[in-house]
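As a plain string of letters, each chain reads:
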Amino acid sequence: MANSRGPETTDAEALEFGAHAVTAADAVQGKDVIVLSIPFGRIPAVAPLFASVPGQTVVIDTSNYMPHRDGAIEAVDNGQVESLWVTEQLGRPVVKAWNAVLSQTFQAKDAPAGTPGRIALPVAADSEEARRVGLRLVDETGFDPFDAGTLADSWRQQPMTPAYCTDWACKTWRRPFTRPTGTRPRATGTA
């Protein structure tokens, strides 16, 4: 586990489950999966860390564009899907997961597989294999994984969409993902 201030500043609570505090450069080396959880606007700053990461390493992006926090990002403001922008910035494919869940839900509403009404979380990726990894990890964190398709369709799990930060079960998630494409909402500085 790494943060922008160095391993010595990592909160002990974050390491409770066996993680180790390391530098950001060390955090991306020799890993099968990297979960990138940083403010959306900071992604270009960490892109150089991914230059030496092997292509088979699965990178999961959990970020969301929030203009009031991230500043204006013209490509996204003009309609580019957030996940595709992240892919361009990192120079590699990503899986989009855990971006459509509130922290309170994540901390308190996980449940064992098979629990009736278990909350589902969407997972999108262009690679079938990488998507399977993301789906498995979402399941392991206590949520039903919902296959949300490709990154081009991941706008359906972005902020200001009906599916964003809901506590829906899988069958409810299907509704916003089976509707015609329609018009995607645009991010605003008031999100």
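Residues numbered from 1 in each chain as written. Predicted model: local features only at pLDDT ≥ 70, side-chain atom pairs only at ≥ 80, totals over all residues. Heavy atoms only, no water.

1. Thoughts on the pairing of strand β5 (residues 144-147)
On a regular strand, each side chain points to the face opposite its neighbour's, so the side chains alternate between the two faces of the sheet. Direction of pairing for strand β4 (residues 120-125) relative to β5: parallel, over a ladder of 4 bridges. Bridging from a neighbouring strand, Ala120 pairs with Asp144 of β5. Handedness of the crossover joining β4 and β5 through helix α7 (residues 128-140): right-handed. (Pairing = 2+ DSSP bridges. Helix = DSSP H or I, 4+ residues; strand = E, 2+ residues; numbered from the N terminus. Right-handed = clockwise from strand over helix to strand, strands pointing away.)

2. Structural notes on α7
With 13 residues, α7 extends 18 Å from end C-alpha to end C-alpha; this agrees with the ideal 18 Å at 1.5 Å per step. All of the buried residues along α7 are Ala130, Arg131, Val133, Gly134, Leu135, Leu137 and Val138. In the core, the buried residues of α7 are packed alongside β1 (33-36), β2 (58-61), β3 (95-97), β4 and β5. The N-cap of α7, judged by a side-chain oxygen 3.4 Å from the amide nitrogen of Glu129 a few residues on, is Ser127. At the exit of α7 stands Gly142, carrying a positive phi of roughly 100°. (Expected span 1.5 Å × (residues − 1). Buried < 20%, exposed > 50% of the residue type's maximum accessible area, 1.4 Å probe, protein only. Contact = heavy atoms within 4.5 Å. Polar contact = N/O pair within 3.5 Å; in protein donor to acceptor, adjacent residues only side chain to side chain.)

3. Here's the deal with the pattern of salt bridges
Pairing is possible between side chains that carry opposite charge, provided their charged atoms lie close to one another. Counting across every chain of the model gives 9 salt bridges. Residue Asp144 is joined to Arg118 by a salt bridge in which the shortest nitrogen-to-oxygen separation is 2.8 Å. Taken together, the residues Asp144 in strand β5 and Arg118 in the loop between α6 (103-108) and β4 connect sequence positions 26 residues apart. Here the salt bridges do not stand alone but share partners, grouping Arg118, Asp139 and Asp144 into one network. (Salt bridge = Lys/Arg side-chain N within 4 Å of Asp/Glu carboxyl O.)

4. Concerning helix α5 (residues 82-90)
Among all positions in α5, only Glu82, Ser83, Trp85, Val86 and Leu90 are buried. Seen end-on, α5 carries its buried residues on one side only, within an arc spanning 155°. Elements in contact with the buried residues of α5: β1, α2 (43-46), β2, α4 (74-77) and β3. Downstream of α5 by a residue or two, Gly91 has a phi angle that is positive, lying close to 70°. (Arc of directions from axis to C-beta.)

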